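# Coordinate analysis (summary)
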Amino acid sequence: MHIFKSVAAAVLILAAGVPAAQADKARVLACYKEVTVPARYDVKKVLLSEPSHKYVRRDGLVLLLEYPAIYREDNRLVEPEHIVLREVVCKK
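No experiment lies behind these values; they were computed from the predicted model shown.

A separate point is the overall build of the protein. Each helix and strand counted, the protein has 1 helix and 6 strands in total. A sequence separation of at least 24 residues applies to 69% of the contacts in the protein between residues at least 6 apart. In the form shown here, the protein has an accessible surface area of approximately 9000 Å², with 59% of it arising from carbon and sulfur atoms.

What follows covers the packing of aromatic side chains. Under the definition given, this model contains 0 aromatic pairs. Taking the ring centre of Tyr71 as reference, the NZ or CZ of Lys45 above it sits at 5.9 Å.

Next up on the list: a nonpolar patch on the surface. Nonpolar side chains collect at one region of the surface, where Tyr41, Val43 and Leu77 lie side by side and expose about 300 Å² of accessible area between them. Looking at Val43, the relative accessible area reads 43%, which means it is partly exposed.

The rules we used
- Chains are numbered independently. Their residues run from 1 in the order of the written sequence.
- Under the rules for a predicted model, residues below a pLDDT of 70 receive no local features and side-chain atom pairs below 80 are neither given nor counted, while totals for whole chains, interfaces and linings still include all residues.
- Water and hydrogen atoms play no part in the side-chain values, which are based on all heavy atoms of the structure.
- What counts as a helix is a DSSP run of H or I of at least four residues, what counts as a strand is a run of E of at least two, and both are numbered from the N terminus.
- Here, residues are in contact when the closest pair of their heavy atoms is within 4.5 Å.
- For the area figures, the Shrake-Rupley method with a 1.4 Å probe applies, and any residue is considered shielded solely by the protein chains shown.
- Ring pairs shown here join Phe, Tyr and Trp side chains whose ring centres sit within 6.5 Å, with only the six-membered ring taken for Trp; geometry is labelled stacked below 30 degrees between planes, edge-to-face above 60, and tilted in between.
- Two conditions define a charge sitting above a ring: the NZ of Lys or the CZ of Arg must be within 6 Å of the ring centre, and it must be within 35 degrees of the ring normal.
- Every patch collects residues that have over 30% relative accessible area and no salt bridge, joining them within 9 Å if they carry like charges and within 5 Å if they are nonpolar side chains (Val, Leu, Ile, Met, Phe, Trp, Tyr).
- The salt bridge criterion pairs a side-chain nitrogen of Lys or Arg with a carboxyl oxygen of Asp or Glu, the two atoms within 4 Å.
- Relative accessible area decides the class of each residue, using a 1.4 Å probe on protein chains only: under 20% of the type maximum gives buried, over 50% gives exposed, and in between gives partly exposed.

Structural data, given as structure tokens:
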């Protein structure tokens, strides 16, 4: 078991040096940036109360007041938040 650990350590040390040596010969094909896409929801409005009108007396006047309709929003998750790679211009 001890030999396996030492061999694994040696492989990791050698592998750590390989990318640096290959980086000189490697060619950049494209550059990408991680972009977070927010979650998408399907929103449905549900009518709770109809719009209404009401007469009110104030200061000797009769006012006609309008109360707007009241809605509730029902949200349904369509697509969760996720990360995509967007291609960007490579800086040299």
